[in-house]
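Residues per chain, in single letters:
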Amino acid sequence: MNYNLEQLKPALVWKHFKAICQIPHPSHHEEKFRDYIVAFAKEHNLEYKVDEACNVYIAKPATPGYEDRKGIVLQAHLDMVPQKNNDKVFDFEKDSIEAYIDGDWVTANGTTLGADNGIGVAAILAVLEDDSVEHGAIEGLFTATEEAGMVGAFGLKAGLLKGDILLNLDSETEGELYVGCAGGMDANITIPYTAEPAPQEGWKAVKFEIKGLKGGHSGIQIGLQRGNANRLLCRLLLHTEQEWLLASIDGGGLRNAIPREAQAVVLVHDVEAFKAEATAYEKTLQSEFENIEDGITVLVEEVALPAEMIPAATAKSLVKAVVGAPNGVTKMSVEMEGLVQTSTNLARVVSNGETIKSQCLLRSSVSSEKLALGEAIKGVFEMVGATVTLDGAYDGWKPNMESPILKAMLESYEALYGKKPSVTAIHAGLECGIIGGVYPNLDMISFGPTICYPHSPDEKVEIASVEKFYDFLLHTLKNAPKK
């Protein structure tokens, strides 16, 4: 593997990205990354501040002759999504990301890469470091814990930012300018139970697994109709002809990642019969998801009988609720072709001996639809005895097609590349909507290089797109609208 990222261009961006990969920074564990940013500001004699929400702010004065330009805030988030393959031994709180060059891409060895949003952070640091870049007054805003609730954006206070324009560097398709995004909300679901002794006579235990799904970002990839491991696991249990009892379940991972894997310990009378059904089910899924999922695997392995189990009635109710609850795309936009308008991701289902907890992340660019979807999920799970809370709601970002920075960036892109970029919205939760609520007069655009499969161990960033993205950023800074 070629780990020499420093050979890539633009050199300053890749220098900082390689350094970022060496710093553990999963959500809620960004302390060392903040220290790196602060040390950078001190080294380059730049004004900086760490606010109460653990966001880092850096200011750099205008290049002489550019004092008449509107001030620009360059914004990216500090945390990364920690996802790894099951066979990868890795501690996201201690270990460095093993980023390497793979042809035209940079990817990581068995884990998420953190290009989301490490490349955005690296680009901001490169601009702040390079005194040859021509720009008006610029501010770098590095927000905390975006991937786990947009904590930094929600904690941002009025009065910190001075700029007129915000460029969010957290989009993932080069050549596209995002002018709007979906809002979001969490559904947190708890089913209490009292564990019962598992029968030991006449029963055998198996570990039943769904593996090999692609997963991905629960907003960006939700429209690709990929499988949800939690639902697929429960679906077999719902329809099997075998009598079964459920000892434990553990499916999915992070709230904003489509579940790639799920497993359960199940008690059955006839292991071979259950295995035969699982084999047939695997073929069914492979047929259903042909040209969507190419690695679906259904595994059944006999294991030791557990001492306790989930009560049978609770287990059967859970399975019905997981299969029956809304999941995936529920409505497409009629105004913007190909854009998902409303969706939900049943991200997590896990038992711990006392409760079964599930979590769904809902997204919509229409607030009323988001709330209605939340009530539908709540209704399904409350029918099986769950407590459901709907919280963490945030509004989306409404497009402004008359935006001055949009006009300037369209002109910049065409000047550089001979064509206009695409202008669209994204079915994901960008921080622009939240920041815009605190600073309503900000003129905002989101853009970035091409990143594939974010929030999964297949994450990769296209090398050539990073150079185009950065050149476009520099041209935009130089040609920003005047005050």
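Residues numbered from 1 in each chain as written. Predicted model: local features only at pLDDT ≥ 70, side-chain atom pairs only at ≥ 80, totals over all residues. Heavy atoms only, no water.

1. Digging into the environment of Pro259
In step 1: Here Pro259 is to be found in the loop between strand 12 (244–252) and strand 13 (262–268).
In step 2: A relative accessible area of 1% places Pro259 in the buried class.
In step 3: Sequence spacing of Pro259 and Ile165 is 94 residues, and the spatial spacing of their C-alpha atoms is 36 Å. (Helix = DSSP H or I, 4+ residues; strand = E, 2+ residues; numbered from the N terminus. Buried < 20%, exposed > 50% of the residue type's maximum accessible area, 1.4 Å probe, protein only.)

2. Digging into the pattern of salt bridges
In step 1: If you walk through the whole model with that rule in mind, you get 15 salt bridges.
In step 2: Salt-bridge contacts for Asp68 lead to Lys482; the nearest nitrogen and oxygen are separated by 3.7 Å. Taken together, the residues Asp68 in the loop between strand 2 (56–60) and strand 3 (72–77) and Lys482 in the segment after helix 11 (463–478) connect sequence positions 414 residues apart.
In step 3: Note on Asp68: relative accessible area 34%, which makes it partly exposed.
In step 4: Taken together, the salt bridges that share partners define one network made up of Asp68, Arg69 and Lys482. (Salt bridge = Lys/Arg side-chain N within 4 Å of Asp/Glu carboxyl O.)

3. What to know about the side chain of Thr145
In step 1: Structurally, Thr145 is set in the loop between strand 6 (138–143) and helix 4 (151–155).
In step 2: Non-local contacts of Thr145, meaning those with residues more than four positions away in its chain, are made with Ser27, His28, Glu30, Asp79, Met150 and Val151. (Contact = heavy atoms within 4.5 Å.)

4. So, the sheet that holds strand 5 (residues 105–108)
In step 1: Taken in spatial order, the four strands make up an open sheet running 4-5-23-22, and their pairing is antiparallel. At either margin of the open sheet sits one strand with a lone partner, and together these are strand 4 (99–102) and strand 22 (451–452). (Pairing = 2+ DSSP bridges.)

5. Things to note about helix 5 (residues 229–239)
In step 1: For helix 5, every residue scored as buried is listed here: Ala229, Asn230, Leu232, Leu233, Cys234, Leu236 and Leu237.
In step 2: Those residues of helix 5 hidden inside the fold are in contact with strand 11 (204–211), strand 12, strand 13, helix 6 (271–288), helix 7 (312–324) and strand 17 (340–351).
In step 3: A distance of 3.0 Å separates the backbone nitrogen of Asn230 from a side-chain oxygen at the start of helix 5, and that oxygen is part of Asn228. (Polar contact = N/O pair within 3.5 Å; in protein donor to acceptor, adjacent residues only side chain to side chain.)

6. Things to note about the state of the cysteines
In step 1: What the rule picks out here adds up to zero disulfides.
In step 2: Unpaired in terms of disulfides, Cys181 finds its nearest cysteine sulfur in Cys432, a separation of 6.2 Å.
In step 3: You can call Cys181 buried: its relative accessible area is 5%.
In step 4: Of the cysteine sulfurs around Cys234, a residue in no disulfide, the closest is that of Cys360, at 12 Å. (Disulfide = S-S within 2.5 Å.)

7. Structural notes on the packing of helix 1 (residues 11–21) against helix 3 (residues 115–129)
In step 1: Running from amino to carboxyl end, helix 1 crosses helix 3 at an angle of 130 degrees, the nearest separation of the two axes being 8 Å. Classified by the angle between their axes, helix 1 and helix 3 sit oblique to one another. The element helix 1 and its partner helix 3 pack so that their crossing is right-handed. Counting all contacts with helix 1, which are made through Leu12, Val13, Trp14, Lys15, His16, Phe17 and Ile20, the residues of helix 3 involved are Ala115, Gly118, Ile119, Val121, Ala122, Ala123, Leu125, Ala126 and Glu129.
In step 2: Per-class residue counts for the contact of helix 1 with helix 3 are 12 nonpolar, two polar and two charged. (Axes fitted to C-alpha atoms, helices over the stretch in contact; angles between N-to-C directions. Parallel < 35°, antiparallel > 145°, perpendicular 65-115°, else oblique. Left-handed = near helix turned anticlockwise from the far one by under 90°. Nonpolar A, V, L, I, M, F, W, Y, C, P; charged D, E, K, R; others polar.)

8. Regarding the packing of helix 2 (residues 31–43) against helix 3
In step 1: Where helix 2 contacts helix 3, the two axes come as close as 11 Å, and the packing angle between them is 15 degrees. Classified by the angle between their axes, helix 2 and helix 3 sit roughly parallel to one another. As helix 2 runs across helix 3, the sense of the crossing is left-handed. Counting all contacts with helix 2, which are made through Phe33, Tyr36, Ile37 and Phe40, the residues of helix 3 involved are Val121, Leu125, Leu128 and Glu129.
In step 2: Residue classes in the contact of helix 2 with helix 3 are distributed as seven nonpolar, no polar and one charged.

9. Structural notes on the nonpolar core
In step 1: In terms of nonpolar packing, the biggest core is built from 65 residues, with Trp14, Phe17, Val106, Phe142, Leu167, Phe447 and Leu473 touching the most fellow members.
In step 2: Of the residues forming this core, the biggest block, 10 residues, is contributed by helix 3.
In step 3: With residues up to four places along the chain from it excluded, the contact list for Trp14 reads Leu5, Leu8, Lys9, Val106, Ile119, Val461, Ile463 and Val466.
In step 4: Ile189, Phe208, Ala229 and Ile296 belong to the second largest nonpolar core, which has 49 residues in total. (Core = buried A, V, L, I, M, F, W, Y, C linked by side-chain atoms within 4.5 Å.)

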